[in-house]
Amino acid sequence: MTPTARPAYPGSWLAAKLPPRLRRPALLVRAGLVLVCTALAPPMGEPEALLWLCGLVGIALAGAQVSNRTLVTGFLGLEAITWGYGVVATGGEMSPLLPYLIAPLFAAGLAVSVPGVFATAGAASVGLTAASAIMNYGVTTEFSVSVGQFLIIATLVGLIAAWLRSLRLRTRPDAPYVEAHRLLGQLHSVALRLPGTLDLVSIAGTLLDRVAPSAEAAGFAESAVLIDAGGERLVPLAHRGSERLVWDTSVHVPGPLAEAWVRQELGVHQGRMPGVSATTGPGTSMIAPLCAGSRTLGVLVLESKEPRDLPAAVRRRVIASAEEGALQLATALLFDNVREVATTEERRRLSREIHDGVAQELASLGYLVDGLVMTARELGDQRYAEGMQALRERITKLMAELRISIYDLRSEVDPYGGLGAALSEYVRTIGTTSDLTVHLSLDEAPNRLPAQAEAELLRIAQQAIANARRHAQADNLWVTCRVAPPHAQIMVEDDGRGLIPTQGDGFGLSIIRERAERLGARLVIEPRTPTGTRVDVRVGPAGDPKSQSPYRAEPDGAHDGQHDAPDQHHDGHHDAHDTHREAHDDRGPNVDHSALG
């Protein structure tokens, strides 16, 4: 027996009998106040107050047709101004319209919250003042007290309505999404008005550009911006000076970096920054924390290899630039986190849909084909059975491709493992599920790249490997990963069919190009000698000889030998397809890379 549902609150049975539109609290309050004012008008000798009520109700009905919060606030303010004129015109302190002010303020609290309440109350005050001046109404003490009382009471009622609105939003099942939608809408509008970018690397580079000229003139040739990315060490976002950043960027080890991090003050250390090899030397280093409020986001570090005095002008420049850049970096970090959460959730959703949808249907089709093969063999139709068996083998290959695609979508860079560990795991999976012999070469510094850069580089490597595996008809695959923040290089080579001209741009290469552009990386896609294709992606400053990447392209023979280290081989398999792709635009003749998809 189903129990009888009890009312959620006293009188809810009455609300349930009303039409949906009449269940709105603001409408009920307004209707009640209209009845009260209508009843007061004849006894108080102000029948024209009924005309003012009609005007107020008309404005309220027009405002009910809009949904934009700004327009709603505008209509409520107009209603409050009209109320002020009506009060002055119908008796002042004895006007029957005085109680009606509660209606627009209550509606403002429910629709716009606290700012709307105060805006509407201000509009009512403006209306009263303007009407008194235009109608030459003598403002008496009785008028001020009477009107002031109703204005205060109505404002308190509006604030109570705003509080009820917040309670209602919190108890709604979709309350988190309502709040997220509001905040993301604000973020979108603000992002469109930003004078600069929300890219972490660009902001860090701009920060160094502001500081480096005066610092280098004072003898501080090495500089870097380091941020906290949630790992054990700070991550270099931008670096000027030597080819490799060899500092120990851990803030958990006692030293000048940890001291500036904890104290949140500019620190000057007589000596060079401690290195990852625990060696120090003569020099001077300066660490400026990048703080947003009470939170330390990172540090700006300047280093001289010789003992030097710190000029006051450089000190002021560093402090001012750190304060300005900290807020920009905090905003970019928050934006990056939002984008990462959204991207990760979408990839997981897609992997679930593929696994539960296409993969299951394909598996069912495979079982059906198995049944047809058995039936054909029982009937003695060998030719039909062989055709069905070939189809079954193709379905098996497609299932393997789907499993790898699902793995691609779910694989992420571990916050504690780094890009090399994630790429090793992926290459190991490819080696056990394909006919390719995969050679992996890793060269990682102890420091880490930003999380977004690591994720993009992993996706680029996955796409390049997938394109070579599917289309290149290769026997060997060489994968190189070199990381020396802020520099990094991912190179994927195969010994397949090589570059084939006159083929159109493939979707796989378009994805690689888009990711490289988003990362600000330099992408080269070119033939490999003697056969095959090379995809080379490099991240890091370029153009300044002192900021060049330490990585140089080796001759093919030396490069192949480097990859063939016995402890880094992974055997695997490969699906043949067709074609190759167009070479990078600035690499000479237009050659197509259809093997890259």
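Residues numbered from 1 in each chain as written. Predicted model: local features only at pLDDT ≥ 70, side-chain atom pairs only at ≥ 80, totals over all residues. Heavy atoms only, no water.

Peer 1: If you had to explain the overall build of the protein chain to someone new, which residues and values would you point to?
Peer 2: When helices and strands are tallied, the protein chain shows 17 helices and 13 strands. Counting over 597 residues, the protein chain shows a buried share of 45%. The contacts in the protein chain between residues at least 6 apart in sequence include a share of 69% that link residues at least 24 apart. A total of about 30,200 Å² of accessible surface is found on the protein chain, and carbon and sulfur atoms cover 60% of it. (Helix = DSSP H or I, 4+ residues; strand = E, 2+ residues; numbered from the N terminus. Buried < 20%, exposed > 50% of the residue type's maximum accessible area, 1.4 Å probe, protein only. Contact = heavy atoms within 4.5 Å. Areas by Shrake-Rupley, 256 points an atom, 1.4 Å probe, with all protein chains shown as cover.)

Peer 1: Help me get a handle on the packing of helix 2 (residues 25-40) against helix 5 (residues 102-112), residues and values and all.
Peer 2: Contact pair helix 2 / helix 5: the axes reach a minimum separation of 9 Å and the direction vectors enclose 175°. With respect to their mutual orientation, helix 2 and helix 5 come out roughly antiparallel. Here P25, A26, V29, R30 and L33 of helix 2 lie close against helix 5, whose contacting residues are I102, A103, P104, F106, A107 and L110. Of the residues in the contact of helix 2 with helix 5, the class split is ten nonpolar, no polar and one charged. (Axes fitted to C-alpha atoms, helices over the stretch in contact; angles between N-to-C directions. Parallel < 35°, antiparallel > 145°, perpendicular 65-115°, else oblique. Nonpolar A, V, L, I, M, F, W, Y, C, P; charged D, E, K, R; others polar.)

Peer 1: Can you break down the sheet that holds strand 1 (residues 222-227) residue by residue, with the values?
Peer 2: Pairing is antiparallel in the open sheet, where five strands are placed in the order 2-1-5-4-3. Across the chains shown, the open sheet's two edge strands, defined by having one partner strand only, are strand 2 (235-240) and strand 3 (267-270). Neighbouring strand axes in the sheet, compared pairwise and without regard to direction, differ in orientation by 20° on average. Across four bridges, strand 3 lies against strand 4 (residues 284-292) in antiparallel orientation. For H269, the partnering residue across the bridge sits in strand 4 and is S285. Against the sheet, helix 9 (residues 200-217) contacts strand 1, strand 2, strand 4 and strand 5 (295-304), and its axis sits at roughly 40° relative to strand 2. (Pairing = 2+ DSSP bridges.)

Peer 1: Can you tell me about the environment of G91, naming the residues and giving the values?
Peer 2: As for its position among the elements, G91 is in the loop between helix 4 (69-89) and helix 5. Residue G91 is classed as partly exposed on the basis of its relative accessible area of 28%. The sequence separation of G91 and A49 amounts to 42 residues, and the corresponding C-alpha distance is 9.4 Å. Residues in contact with G91, not counting those within four places in the same chain, are E46 and Y137.

Peer 1: Now, about the packing of aromatic side chains: what can you tell me, with residues and values included?
Peer 2: All told, the structure shown has one aromatic pair when counted by the stated rule. Aromatic pair Y137 and F143: ring centres 5.2 Å apart, planes at 55°, arrangement tilted. Among the residues examined, F143 registers a relative accessible area of 5% and is labelled buried. Over the ring of W478 we find R528, and its NZ or CZ is 4.2 Å from the ring centre. (Phe/Tyr/Trp six-rings, centres within 6.5 Å; stacked < 30°, edge-to-face > 60°. Lys NZ or Arg CZ within 6 Å of the ring centre and 35° of its normal.)

Peer 1: Describe the pattern of salt bridges, listing the residues and the values that go with them.
Peer 2: For the structure on display, the rule yields 14 salt bridges. Here E259 makes a salt bridge to R263, at a shortest N to O gap of 3.1 Å. Note that E259 and R263 are positioned in helix 10 (residues 256-263) at a spacing of four residues, about one turn of the helix. Measuring nitrogen to oxygen at the nearest pair gives 3.3 Å for the salt bridge that ties R534 to E526. Overlapping salt bridges bring together E493, E526, R528 and R534 as one network. (Salt bridge = Lys/Arg side-chain N within 4 Å of Asp/Glu carboxyl O.)

Peer 1: A description of the pairing of strand 6 (residues 437-444) should follow, citing residues and the corresponding values.
Peer 2: In the sheet, strand 6 pairs with strand 7 (residues 476-484) via eight bridges, with the strands oriented parallel. When the sheet's bridge partners are listed, S441 is paired in strand 7 with T480. For the handedness criterion, the β-α-β arrangement of strand 6, helix 15 (residues 451-471) and strand 7 is classed as left-handed. (Right-handed = clockwise from strand over helix to strand, strands pointing away.)

Peer 1: Could you give me a rundown of unusual backbone geometry, with the residues and numbers involved?
Peer 2: Here P485 and P486 are connected by a cis peptide whose omega angle stands at 5°. The peptide bond linking T529 to P530 adopts the cis configuration, its omega dihedral lying at 5°. Within the element layout of this structure, P530 appears in the loop between strand 9 (522-527) and strand 10 (533-539). One non-glycine residue, Q473, lies in positive phi territory at about 55°. Looking at where Q473 falls in the secondary structure, it is placed in the loop between helix 15 and strand 7. Taking relative accessible area as the criterion, Q473 reaches 39% and is therefore assigned partly exposed.

Peer 1: Which residues make up the environment of T249, and what values do they have?
Peer 2: Considering the arrangement of structural elements, one finds T249 in the loop between strand 2 and helix 10. Residue class for T249 comes out buried when judged on its relative accessible area of 1%. Expressed as a C-alpha distance, the spacing of T249 and N447, which sit 198 residues apart in the sequence, is 7.2 Å. With residues up to four places along the chain from it excluded, the contact list for T249 reads L226, R233, L234, L257 and N447.

Peer 1: So what's going on with the pairing of strand 7? Residues and values would help.
Peer 2: The element strand 7 is extensively covered by neighbouring structure, given that nine of its nine residues are classed as buried. By the alternation rule, side chains of strand 7 split into N476, W478, T480, R482 and A484 and L477, V479, C481 and V483, which are all buried. Pairing geometry for strand 7 and strand 8 (residues 487-494), over eight bridges, is antiparallel. The residue of strand 8 that forms the bridge with V479 is V492.

Peer 1: Give a description of the nonpolar core that names residues and reports values.
Peer 2: Counting 37 residues, the largest nonpolar core has L423, L457, I465, L477, V479 and I490 as its most contacted members. Of all the secondary-structure elements, those providing two or more residues to this core are helix 14 (418-433), strand 6, helix 15, strand 7, strand 8, helix 16 (507-519), strand 9 and strand 10. If we skip the residues at most four places from it in the chain, L477 touches L436, T437, V438, H439, I465, A468, V492, E493 and D494. Counting 29 residues, the second largest nonpolar core, distinct from the first, contains L207, L290, A322 and L329. (Core = buried A, V, L, I, M, F, W, Y, C linked by side-chain atoms within 4.5 Å.)

Peer 1: Help me get a handle on the packing of helix 14 against helix 15, residues and values and all.
Peer 2: At their nearest, the axes of helix 14 and helix 15 sit 10 Å apart, and the two run at 20° to each other. When the interaxial angle is binned, helix 14 and helix 15 end up roughly parallel. Between helix 14 and helix 15 the crossing geometry is right-handed. Facing helix 14, whose interface residues are G418, L419, A422, L423, Y426, V427 and I430, helix 15 presents E454, L457, L458, A461, Q462, I465 and R469. Classifying every residue of the contact of helix 14 with helix 15 gives ten nonpolar, two polar and two charged. (Left-handed = near helix turned anticlockwise from the far one by under 90°.)

Nothing here speaks to function; it is all geometry.
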